[in-house]
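# Architecture at a glance
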Amino acid sequence: MSALRVTRSGAPFSPWAAPVYCRSGFDFPGLLQETHRLESEDLFDCPIDASTGLDAASLWDAGPDQTDALAPPTKASAVPRRPTPPLTAAKSSLDAPSTRRQHMRRAARRRRNAEKEGHAPSLRTKRLYLEAAQPLHSAVISETLPAARGGYQAVQGALRPGDQTAWSLERLVEEEGLSLVQWNGIDPRPLVDNQGRIIAVLAGRPQAECYQQSAARLYESLLHESQSAPFSRDEVVHRRGRFPALNAGVYYGTGTRKVVNLDAGVHADLLQRLLKNPDLERLANFASALNFPPNAWTYRHRDSGNCPFGFCAIQALGHFDPTRGGHLILWEAGCIVEFPPGALVLLPSAMITHSNVPVQKGDSRASFTQYAPGGLFRYVDNGYRTEGELKQQDPEGYQRMLDMKEGRWVMGLGLFSKLNDVVKPHTASVLP
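This write-up is about the structure you can find in this document.

Rules used throughout
Residues numbered from 1 in each chain as written. Predicted model: local features only at pLDDT ≥ 70, side-chain atom pairs only at ≥ 80, totals over all residues. Heavy atoms only, no water. Buried < 20%, exposed > 50% of the residue type's maximum accessible area, 1.4 Å probe, protein only. Helix = DSSP H or I, 4+ residues; strand = E, 2+ residues; numbered from the N terminus. Arc of directions from axis to C-beta. Contact = heavy atoms within 4.5 Å. Core = buried A, V, L, I, M, F, W, Y, C linked by side-chain atoms within 4.5 Å.

Turning next to helix 9 (residues 268–275). When we look at burial in helix 9, the residues that qualify are Leu270, Leu271 and Leu274. Each buried residue of helix 9 lies within a common arc of 95° when the element is viewed along its axis, so the set occupies one face. Against the buried residues of helix 9 lie helix 7 (209–228), strand 9 (245–247), helix 10 (278–283) and strand 12 (289–291).

A separate point is the nonpolar core. If you look at the biggest cluster of nonpolar residues, it comprises 33 residues, and the most contacted ones within it are Leu330 and Phe339. Those elements giving two or more residues to this core turn out to be strand 6 (198–204), strand 13 (312–319), strand 14 (328–330), strand 15 (335–337), strand 16 (344–347) and helix 14 (408–413). Counting residues per element, this core draws most heavily on strand 6, at 3 residues. With 23 residues, the next largest nonpolar core counts Tyr211, Leu246, Leu274 and Leu283 among its residues.

Turning our attention to helix 11 (residues 374–381). What helix 11 keeps buried is the set Gly374, Gly375, Arg378 and Tyr379. The buried side chains of helix 11 occupy one side of the element, clustering within an arc of 140° when seen end-on. Those residues of helix 11 hidden inside the fold are in contact with helix 12 (387–393). Phi for glycine 383, located one or two positions after helix 11, is positive at around 75°.

Right under this line is the structure:
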């Protein structure tokens, strides 16, 4: 093996007498730009498209038959290649003390900012998703929404006429006076109340083709599982609609004396297969409720057991025309939102009454949601105890807990961002 060459100061450097050239057409600046883009944005990774030609193996793994293709037509190509020295022998410029100090200072600054302000999106992300977003202004008075006294759940209302109606788009607009919101399912749009609070977000979806492919494959998986699963009548006909639905995750609330993992019973294997599905992980990492196809549309309802000041994530899946069916109806806001397959909406489902327009004949739809039961927060606040256990074990703490219930909904309202706090004021759609 050849000895390392050294400078006059004695520092070792590359033993190569001539450069090794990449094949013709290798676009290093382009790769750097793409890497910077992916690191700067909260995007999802996609498989390399063969049509782009950016195949790492073909760029770097040059076999014996490719030697001529890598070398440029210069005299340097005739110089014999020398053996590769041990990797530990050469020093990178990144090892320089000044460079290390710069990295450490930047890392420390990021930590301080995160501790002080929490996660903050980059300027590029703000420009792409916040400043470009067109808000929807509503007349919703959030203070009057039906939060329960303790603030961690909502009041469950009685069944009303029309709650289980299959509303058509025409009736909603002409008879109920709701406004149609046309949405492409991609561009984010915040929904704000009469005080400028962002109370829901039409979050959209990434534009990467691989994301839509994952959504389509996940729908096919749900359809396949639903066709072979032995769903009982109670699992198909329930207060939210007439479609099979399964719940997963940790729960504490009505009917439980302690925190439990929801038991899927005979569907446990089915549920585990879906939760481990790479396409489900690609879209959300986990799901709390799976609403199976082919006809998943919900009655008018609120999910009163969820935390009132927390967002639930609702994702639409399927094969349907979003301009003709599958709309998300937000009753207090007075709007009907086009809800395309693959799109995501963030909604305080305990407080905003919501439902869907059924899809057209021949179309099919499914959905999955992620939610946080309000009882879990109450259980943690009580020192991982029920209220009865807290009263027995810590009477003073129990009284403090009762006193705090009165102001918890006001505290929760304060957690919602104000539109003017995150974006500059600009023209927005106004709902009647």
